[in-house]
Amino acid sequence: MKILISGASVGGPVLAYWLRRHGFEVTLVERAPGPRKGGQAVDLRGAALVVAARMGVLEQVRALRTTMRGMSMVDGDGNEIMRSTEETISGGRLDSPDVEIARDDLTAILTAAADTPHLYGDSIATLTQDDTGVDVTFDGGGRDRYDYVIGADGLHSNVRKLTFGPEEQFLKHLGMYVSIYTADNFLGLDHWQLWHREGEAGFGLFSDREPAVMKVNMGFAAGPLDYDHRDVEQQKRLVQEHCSGLRWEAPKLLEAMWKADDFYFDAMAQVEMDRWSRGRVALVGDAGYCASPLSGQGTSLALVGAYVLAEELGRAPEGAFDRYERRMRPFVALNQALALENPGMAASPESVSRAADGISLD
């Protein structure tokens, strides 16, 4: 059987790995011209660590984990008002078994493990399905027929739009936006996080393996905004507009934003759907059930969802999507609730740890 997966970040490669183990012929299509660089640090917890171990990549992941020593909170003038060497906002307790890793490092590990043909720089243009398969045309002009198509293509999923309709009917906006980019480490941070929030805006700064650079998370609270999620210049203008009132080093951070070539921006939002499949097309990870970065569990949901979906397809394609939903729905609900636990703030490490183990993979 031939399966096409759209999206080659986290869920896509994991799904490809397990589908190939079950004997399927798999192809990954990815709109980006190559493996995506940049992005925030992500976390593997609970059941996701089990998936990584069963793939044989857990030690590689641990070898590239962030090695934070702690964090500080500062006021609008840069004065430290709190510090911790026991936990960080992004990764939770430093002595936990959870693994925090840069997103591009994790993607590189998973892509190598998947060992699956990739169609980089292309995307699905149309999907036409019948009782026996799905006819696909690509933006690049290619055509092919597959037994199944899976969308692992994120919050703004193209597969979801082509199969279920416009994203507006599925996205639940959480009232916040975040940008992520790299800047020179002019503060000299050393395996340390620094956080500041003033009014409706704020930033987080990280320095890890590369001492010359730091990762900037700059965000703000706002209702739904009308913007193009592929228009980087427009997104930078939004960040400039909403964060220009921040003091201390914010002007330097905004200046660095305009020079950054790895800029990422999006809303804090969740995806809520009555069904994650229609006919021979299904969704996995953020495409079907994004929990938002506020949950701290988006990456783990993608790994676990991909594993469960592959397992059910490998058991028997007939009824696989229904069984996948029955197994994953309670776990998704548990983890989506994390983002609503403390509106505008990341979920507590204790809540995240409990939710991360909320599914059995046996």
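It should be noted that the structure appears before, not after, this text.
All chains use their own residue numbering, which begins from 1 and follows the written sequence. The predicted origin of the model limits local features to residues at a pLDDT of at least 70 and limits the giving and counting of side-chain atom pairs to 80 or more, whereas totals for whole chains, interfaces and linings rest on all residues. Values shown for side chains rest on all heavy atoms present in the structure; no hydrogens or waters enter the calculation.

Regarding the pattern of salt bridges
- Within this document, salt bridges are pairs made up of a side-chain nitrogen of Lys or Arg and a carboxyl oxygen of Asp or Glu, the two lying within 4 Å of each other. Overall, the coordinates contain 25 salt bridges when judged by the stated rule.
- Note that Asp130 and Arg145 form a salt bridge whose closest N and O atoms lie 2.8 Å from each other. Taken as a pair, Asp130 in the loop between strand 10 (124-129) and strand 11 (134-138) and Arg145 in strand 12 (residues 143-146) lie far apart in primary sequence, 15 residues in all.
- Accessibility here uses a 1.4 Å probe with only protein chains present; expressed as a share of the type maximum, an area under 20% marks a residue as buried, one over 50% as exposed, and anything in between as partly exposed. Residue class for Arg145 comes out partly exposed when judged on its relative accessible area of 30%.
- Close ionic contact of Arg160 with Glu167 constitutes a salt bridge, the shortest N to O distance being 3.8 Å. Each member of the pair, Arg160 together with Glu167, is buried. Helix numbering and strand numbering both begin at the N terminus, where a helix is a DSSP run of H or I of at least 4 residues and a strand a DSSP run of E of at least 2.

Here we look at the side chain of Ser277
- Counting through the fold element by element, Ser277 comes out in strand 19 (residues 277-278).
- Ser277 sits in the buried class, given a relative accessible area of 8%.
- At a separation of 3.0 Å, a polar atom in the side chain of Ser277 contacts the side chain of Arg275.
- Contacts are assigned to residue pairs with any non-hydrogen atoms lying within 4.5 Å of each other. If we skip the residues at most four places from it in the chain, Ser277 touches Phe164, Ala282, Phe321 and Glu325. N or O atoms within 3.5 Å of each other form a polar contact, as long as, within protein, one can give a hydrogen and the other can take it, and as long as residues adjacent in sequence are counted only when both atoms are side-chain atoms.

Concerning the nonpolar core
- Counting 75 residues, the largest nonpolar core has Ile5, Val304 and Met328 as the members making the most contacts within it.
- In terms of residues, this core owes the most to one element, helix 9 (residues 298-315), which gives ten residues.
- Sequence-distant contacts of Val304, defined by excluding residues within four places in its chain, comprise Ala47, Ala48, Val51, Met328, Phe331, Ile359 and Leu361. Here the nonpolar core consists of buried residues drawn from Ala, Val, Leu, Ile, Met, Phe, Trp, Tyr and Cys, with membership extended through side-chain atoms lying within 4.5 Å.

What about the layout of surface pockets?
- With a 1 Å grid laid over protein atoms only, a set of points is called a cavity when a 1.4 Å probe fits there but cannot get out and a pocket when it is open yet has protein on both sides within 12 Å along at least five of seven lines; lining residues have an atom within 4 Å of a point. Grid points are joined across faces, edges and corners, and a volume is the space filled by probe spheres set on the points. Here the second largest pocket defines a volume of roughly 520 Å³.
- Lining the second largest pocket we find 22 residues, and of these His156, Glu167, Glu168, Leu171 and His229 sit closest to its centre.
- Contributions of two or more residues to the lining of the second largest pocket are made by helix 5 (158-164), strand 14 (171-184) and strand 18 (264-271).
- Residues are grouped as follows: Ala, Val, Leu, Ile, Met, Phe, Trp, Tyr, Cys and Pro are nonpolar; Asp, Glu, Lys and Arg are charged; every other residue, Gly included, is polar. Among the residues making up the lining of the second largest pocket, the classes are represented as nine nonpolar, five polar and eight charged.

That is the geometry; function is a separate question.
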